[in-house]
There are 2 protein chains.
Amino acid sequence: MNKTLKKRMDCLFNPESIAVIGASNVPGKWGFNTYVQILGTSLGKRKIFPVNNKTEEVLGQKAYPSIRDIPEPVDFAVIIVPYQHVPPVMQDCVAHGVKSALVITAGLGEVGEEGKKVEKEVVRIAQQGGIRFVGPNCMGHFDTTSGFYTTGWGQPLKQGSLSLVAQSGGFTGHLMQCGMDMGVGFNKLVSSGNEADLHTEDYLEYYAQDHSTKVIGAYVEGFREGERFLKLARETSKKKPLVIMKVGRTPTGSMAAMSHTGALSGTDAVCDAALKQSGVIRADEIEELFDISGALLRQPLPRGNRVGILTGGGGHGVVTTDACERLGLQLAKLAPETIDKIDTFLPPRWSKKNPVDLVGTTQFVTYQCLWPIIEDDNVDSIIVVGCIGLSAMFKVFRDRLSSQIEPFLQTMPDSVKQQAEVAMQGMDVMEEEELKNIDIMLDYMDRYQKPIIIIGLMATHEAKHTPVFKKLEDNGILWYPTPERAAKVVGHLVQYSRHIRDSN
Amino acid sequence: MNKTLKKRMDCLFNPESIAVIGASNVPGKWGFNTYVQILGTSLGKRKIFPVNNKTEEVLGQKAYPSIRDIPEPVDFAVIIVPYQHVPPVMQDCVAHGVKSALVITAGLGEVGEEGKKVEKEVVRIAQQGGIRFVGPNCMGHFDTTSGFYTTGWGQPLKQGSLSLVAQSGGFTGHLMQCGMDMGVGFNKLVSSGNEADLHTEDYLEYYAQDHSTKVIGAYVEGFREGERFLKLARETSKKKPLVIMKVGRTPTGSMAAMSHTGALSGTDAVCDAALKQSGVIRADEIEELFDISGALLRQPLPRGNRVGILTGGGGHGVVTTDACERLGLQLAKLAPETIDKIDTFLPPRWSKKNPVDLVGTTQFVTYQCLWPIIEDDNVDSIIVVGCIGLSAMFKVFRDRLSSQIEPFLQTMPDSVKQQAEVAMQGMDVMEEEELKNIDIMLDYMDRYQKPIIIIGLMATHEAKHTPVFKKLEDNGILWYPTPERAAKVVGHLVQYSRHIRDSN
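Residues numbered from 1 in each chain as written. Chains lettered and ligands numbered in written order. Predicted model: local features only at pLDDT ≥ 70, side-chain atom pairs only at ≥ 80, totals over all residues. Heavy atoms only, no water.

Draft legend 1. Inspection of the overall build of chain A at higher detail. Tallying secondary structure elements over chain A gives 18 helices and 20 strands in all. Dimensions along the principal axes, computed over C-alpha positions, put chain A at roughly 80 × 60 × 40 Å. Sequence separation of at least 24 residues holds for 76% of the intrachain contacts in chain A that already meet a minimum separation of 6. When the accessible surface of chain A is summed, it comes to about 18,700 Å², and 52% of that surface belongs to carbon and sulfur atoms. (Helix = DSSP H or I, 4+ residues; strand = E, 2+ residues; numbered from the N terminus. Contact = heavy atoms within 4.5 Å. Areas by Shrake-Rupley, 256 points an atom, 1.4 Å probe, with all protein chains shown as cover.)

Draft legend 2. Summary view of the pairing of strand S18 (residues 381-385) of chain B. All names here are of chain B. Of all five residues in S18, five are buried, a share of seventy percent or more. Burial along S18 is two-sided: Ser381, Ile383 and Val385 facing one way and Ile382 and Val384 facing the other are all buried. Bridge analysis of strand S15 (residues 306-311) against S18 gives five bridges, and the strand direction is parallel. Note on S18: the bridge partner recorded for isoleucine 309 is isoleucine 383. Of the strand pairs in this sheet, S18 and strand S19 (residues 452-455) are connected by four bridges, and their pairing is parallel. Residue valine 385 lies in a different strand from S19, and its bridge partner there is isoleucine 455. (Buried < 20%, exposed > 50% of the residue type's maximum accessible area, 1.4 Å probe, protein only. Pairing = 2+ DSSP bridges.)

Draft legend 3. How the structure looks around the nonpolar core. In this structure, A:Val20, A:Val78, A:Tyr203 and A:Phe229 are the most contacted members of the largest nonpolar core, which totals 51 residues. In this structure, A:Val20 is in contact with A:Tyr35, A:Ile38, A:Ile48, A:Phe49, A:Pro50, A:Val51, A:Val78 and A:Ile80, ignoring residues within four places of it in sequence. Of all hydrophobic cores here, the second largest spans 50 residues; its members include B:Leu5, B:Val36, B:Leu59 and B:Tyr207. (Core = buried A, V, L, I, M, F, W, Y, C linked by side-chain atoms within 4.5 Å.)

Draft legend 4. Spotlight on helix H11 (residues 314-326) of chain B. With 13 residues, H11(B) should cover 18 Å at 1.5 Å per step; its first-to-last C-alpha distance of 19 Å lies within 8% of that length. Looking one or two residues past H11(B), B:Gly328 carries a phi angle of roughly 80 degrees, positive in sign. (Expected span 1.5 Å × (residues − 1).)

Draft legend 5. Broad picture of the packing of aromatic side chains. All names here are of chain A. This model, assessed by the stated rule, comprises 26 aromatic pairs over all chains. Relative to tyrosine 448, the ring of tyrosine 444 has its centre 5.6 Å away and its plane inclined at 15 degrees; by these criteria the two rings are stacked. Of the two residues, tyrosine 444 and tyrosine 448 are both situated in helix H15 (residues 414-448); the distance of four residues between them amounts to about one turn of the helix. Ring-pair connections join several aromatic residues into one group, and the members of that group are Phe142, Tyr149, Phe186 and Phe290. When the ring centre of tyrosine 444 is taken as origin, the NZ or CZ atom of arginine 447, which lies over that ring, is 5.1 Å away. (Phe/Tyr/Trp six-rings, centres within 6.5 Å; stacked < 30°, edge-to-face > 60°. Lys NZ or Arg CZ within 6 Å of the ring centre and 35° of its normal.)

Draft legend 6. Here's a closer look at the sheet that holds strand S9 (residues 148-149) of chain A. All names here are of chain A. With respect to topology, seven strands assemble into an open sheet ordered S9-S8-S11-S10-S12-S13-S14, the strand pairing being mixed. A strand with exactly one partner marks an edge of an open sheet, and here the two such strands are S9 and strand S14 (281-282). Where strand S10 (residues 159-166) meets strand S12 (residues 215-220), five bridges bridge the pair, whose relative direction is parallel. In the strand pairing of S12, leucine 164 is matched with glycine 217.

Draft legend 7. Representation of the pattern of salt bridges within the structure. Residue and element names in this part refer to chain A. In this structure the tally under the stated criterion is 46 salt bridges over all chains. Glutamate 288 serves as the salt-bridge partner of lysine 488, at 3.9 Å between the closest nitrogen and oxygen. Of this pair, lysine 488 sits in helix H18 (residues 483-503) while glutamate 288 sits in helix H10 (residues 286-298); the two residues are 200 residues apart in sequence, bridging distant segments of the chain. Taking relative accessible area as the criterion, lysine 488 reaches 33% and is therefore assigned partly exposed. By relative accessible area, glutamate 288 is classed as buried at 9%. Taken together, the shared-partner salt bridges connect Asp202, Glu205, Glu225 and Arg228 into one network. (Salt bridge = Lys/Arg side-chain N within 4 Å of Asp/Glu carboxyl O.)

Draft legend 8. A look at the packing of helix H11 (residues 314-326) of chain A against helix H5 (residues 169-182) of chain B. Two elements in contact, H11(A) and H5(B), have axes whose closest approach is 5 Å; the angle formed by their N-to-C orientations is 85 degrees. Taken together, the axes of H11(A) and H5(B) are roughly perpendicular relative to one another. Two secondary-structure elements touch here, H11(A) through A:Gly315, A:His316 and A:Val319 and H5(B) through B:Gly170, B:Phe171 and B:His174. (Axes fitted to C-alpha atoms, helices over the stretch in contact; angles between N-to-C directions. Parallel < 35°, antiparallel > 145°, perpendicular 65-115°, else oblique.)

Draft legend 9. A look at the pairing of strand S5 (residues 76-79) of chain B. Residues and elements named next belong to chain B. Burial along S5 is two-sided: Phe76 and Val78 facing one way and Ala77 and Ile79 facing the other are all buried. Bridging between strand S1 (residues 17-21) and S5 involves four bridges; their strand directions are parallel. Within S5, the residue paired with isoleucine 18 across the bridge is phenylalanine 76. Summarising the sheet, S5 and strand S6 (residues 100-103) pair through four bridges and their orientation is parallel. In the sheet register, phenylalanine 76 faces S6, and the bridge partner there is serine 100. A crossover connection joins S5 to the parallel S6 through helix H3 (residues 86-95); in handedness this β-α-β unit is right-handed. (Right-handed = clockwise from strand over helix to strand, strands pointing away.)

Draft legend 10. Representation of the sheet that holds strand S2 (residues 47-51) of chain A within the structure. Residues and elements named next belong to chain A. Within the open sheet, the five strands sit side by side as S2-S1-S5-S6-S7. Their pairing is parallel. Here the strands that pair on one side only, and so sit at the sheet edges, are S2 and strand S7 (132-134). Across the sheet, the axes of successive neighbouring strands diverge by a mean angle of 20 degrees, strand direction being ignored. Where strand S1 (residues 17-21) lies against S2, five bridges are found, and the strand directions are parallel. When the sheet's bridge partners are listed, isoleucine 21 is paired in S2 with valine 51.

Draft legend 11. Representation of the environment of A:Val365 within the structure. Residue and element names in this part refer to chain A. Of note, valine 365 is situated in the loop between strand S17 (356-357) and helix H13 (366-375). Given the relative accessible area of 8%, valine 365 is considered buried. Spatially, the C-alpha atom of valine 365 lies 9.4 Å from that of isoleucine 342, the residues being 23 residues apart in sequence. Valine 365 has contacts with Phe345, Leu346 and Leu358, leaving out every residue within four places of it along the chain.

Draft legend 12. Highlighting a negative patch on the surface. All names here are of chain A. A cluster of acidic residues, Glu337, Asp340, Asp343 and Asp377, forms a negative patch at the surface. Mapped onto the elements of the fold, aspartate 343 is located in helix H12 (residues 336-343). With relative accessibility at 33%, the residue aspartate 343 sits in the partly exposed group. (Patch = residues over 30% accessible without salt bridge, like charges linked within 9 Å, V, L, I, M, F, W, Y side chains within 5 Å. Lys, Arg positive; Asp, Glu negative; His and termini not counted. Charge placed at Lys NZ, Arg CZ, Asp CG, Glu CD.)

Here it is, written out as C-alpha cells:
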C-alpha cells in the first residue's frame, strides 16, 4: 500500500503520544469513558495529554487548554468535542504536527446539510495538513498487539489474529461481545463511523498487508469505493479470508442504512454476485461472521464437500444431515474398512453408515469412532455432534445428581457407598482421558488437513469453565450450538477452499 | 379424547404407585439414574417399588424379584431391562394390573428383524392387557405440575405452560437444556422413542385437552398417523398454538430418520404445505422452537404485519429492517403525532421515521420513545433492539470501569471523587427507573394487545442475573440474541394470528 497511508495507519494503531481533546472528569461522558480507557491501557507505554480548557487536571493529569499548548510533539489525537468545534480543533492538530486522528463526535455528515458542511470542512483541513482520520460518529478502535484501546469499554480482550472494521457503533460493541462470548481472539478493530476520510477499503488494505492479521472481517452498510474494494478483495482473498457481513439487503434496509451512516448500498443481487466472484465469504448474521472467522483462524481447508458426521444422538444426526444437504454438502460414503473399525466399538444395532450414531452407548467411545472417520479418504470434513466434551457435561450432571443421591446414600451399606464413590471418580478419569484425546484430535486434524467442527449440545455455562472446554478454546477450536450453524461453517470452508484452489 | 386413553395418560403423568423394573444400585446405569430421579421427585408423594431379582435393596428401598411380588397394586411401571426380557416383564405388568408403562430399553424396533419381532410381541401383550406405554428406546418423561420426573437428569425445571413431545432421546435433553437457558417454563415433556404403542398423535391430543398446557411443541421425524395428526392440528390450532420442528427435510435426512427411530417422513414439500394449512407453526431449528413458543406463552397476537422498530444503534436498525422485509413483514409508517412526541426526547439529528434510532443519546429515553410507538395505530408489533436492559448493562460496565478508574481516583481531589460517586449511584437510580418502566411496558402490551419483542444485544451472562433481566424472565418476556431471530418470532406471530382469525 501507499507508504504515507501505511505510516498514518501504523500511527493509528500504535501511536507514541496521544492528545485526548475533550477529556473529561465527568463520569458517564464520552470524554471520560474514552480517556479512562486510554489511561488504563496506555499509561506507562505512551505519552498521554488531556486537552480541556475548563479544568486544570483530568483524572490526575495536567490538562492543556489546547493541543497547541502541549510542550511536546503529539502524533495521535482523539477528538471528542461538540460538532461545531471539530474544524478548529482539527486545525490545531495540523498546527501541532499530528499525523493521525480519531473523531468520535457525532452529528456531522450523517445528519443534515449543516453537519455535512462541517464534515467537509474537517476533511479539507485534515487533507491539507496531512492528517488521516477515523470517523466521525464512531466508537473508537483497538489493537491488541500494541495494546492500544480507544473504545470506551473496560474489558481486556483475548488476543488473536482476527481484524475487523465496522460501519456501525452499535455493531462495534456487539462484535466485541460476540467474539468474547465465542472465545475468538481479536487483533484489531475499527469503528469506522461516517468514513469522511479513511474508508473501509483503507482498513482492509492495511489488514491485508498486516502480518499479525490472519482473517479479516467487516460489517458493511455500503462501499464508498466499490471498484477499489473488489480489486482489493480479489487480491486479498487469495492469501487471507475476507468475511463480510454486508447489510441493507432489502430496499427498506438500504434506506435505513442511508439515514444511518449515509452509505449508498446498491442492489443486493449485484452486490452479492460481485462479492462471491471476488472470493469474499458473506455472512448473514453477526454470529455467522464469528462462526466462520473462528473456524478460518484454526481449521484446515477441506479438499472437497464430503462430510462425515459422528453423533451422540440419532435425532441430531438427522438434523445435521438435513442442514448439510440444504447447503449442497455431500454426506460421505464411508469406506468398508471404516465401518469395520467402528464396528468393533459400537453394539451391533448401529446403522453401519454415515451419520455414525453412537446409539446411546454408555461407554465413552467417541474418539475411537472418530479416528477411522478422519482417516477415511472419502471424508473431507467432519462434524461431531454432542459427543465431544461429554466428560465435562457428565461432571456437571454428576454434581447435580450427587445432591439428589446424598439422602439415600446415607441409609446405604458401605459397599454401595464405595461403589458410588468409584463411579463418581470414574468421571474424573474420563475427563483426563478426554483431555489426552483432544491432543490426539488436534494432531489428526493437522496431519490429515481436515476440519473438525464440534457441536456442543447441552454445553452449559458451567461446562464452559471445565478443563475440556478450556483446552478446546485455548487451541482455537470453537464449539457451535446448533447443527445449522456448524453446517454453514463447513459450507463456507468448502467454498473458500475451492476459491483458493481456483485463483492460485 | 377417548376416555380409556385419557385415563391411561392421566396415570402416565401422575401415577399413584410406581414399579421401577430394573432399578439398580450401580451408579452410571440407566436403572440407577432413572431410579434416583424418581426417588428424588416422587418420594413421599407416590409409592415407589424397585424391582430387581439380584439384590435385596435398591438405594435403601426393599427390592422385589418381580412386580408380581409387590404386595400392593401398582398403576405405573418403568421398564429398564435387556430387550429380550421386555415381553415377559410386560406380561408380569399385565398380571399385576398396571395401567400405563414407560419402556426405556433400546435395541427393539429401531434395530433389526429380531428387535422388531420382540417389539411386536410387547405391543401385543400390552394391548391384550389394556396397558398403554411410552417408548421403547426413549429417555423418559416429566410433568412439572404433578412433579413426576423419569428423565435421568437431576435438574428441577421451571414450571410453565409449554408441553412437548420429542421423537429423539438426544433432542429430549437438548430441549430441556435449551428451554432452561432461555427461561421458558415447561409443563410436560415425553421422549416418545420408537412409539410402538403411544404415538406423537396421542400426546398431542392429550395436550390439546389439558388445561395446564397453553402451547404445544414437538420434535418430529415422521408421523405414524398422518391423517389423524392433520385433523388434530386443524382442531387444536384454533385454540392453542402447535409449534413443530419436523426434520428429515432432505432425502438423505429422511433416510437418516428412518434408521434412527424407524419413522417414515414423506416428501417435505407436501408435508410443509399440509402443516401450514393445518395452522401448524413450523420451526426450522430447536432455538426457533423455543423462540416462538416462549413468545406465544406471553405475547399478544398482532392484528397485522406492520412492525415498529426502536433501536439503540443505527446498524441494528438496518439489520432488523432487512430481517423483517425478508420475512414479508412491513415497516410501519409512523403517524405524524408519533414523530412529534418522539421529537421531544431525541436530538434534532434523529431520522424522524421508523426505525426509530436513539442516535446514541446518553440520556436514557428508551421508554419515553417506546410509548408513542405502541400507541400508534399504524403499528401492530414492536421490536426493541439493544436498548431495554441498558441499566443492567451499564452496571456491568460500571463495575469493569470502576477497577480501571480506581488508581486514578486515588490521586484526585475530593470534589472529583464525589462526582464519580454520584455518577456511579446514578446507575442504581437508572435501574430502579427501568424496573418501573418494565411494569408500565407490560401494562401497555396487554392494553394495546401488541407484542413487544426484545433483542438483548450484549446481554452478557452477568447482565442476565440483574434485577431487570430477572423481572423480564419472571414475567415470561424472553430476550432474543439477534435481529433475525426476533423478526422470525414476529413473522410466526403474524401468521398464527391470521390463521386464528381465518379459522374461527
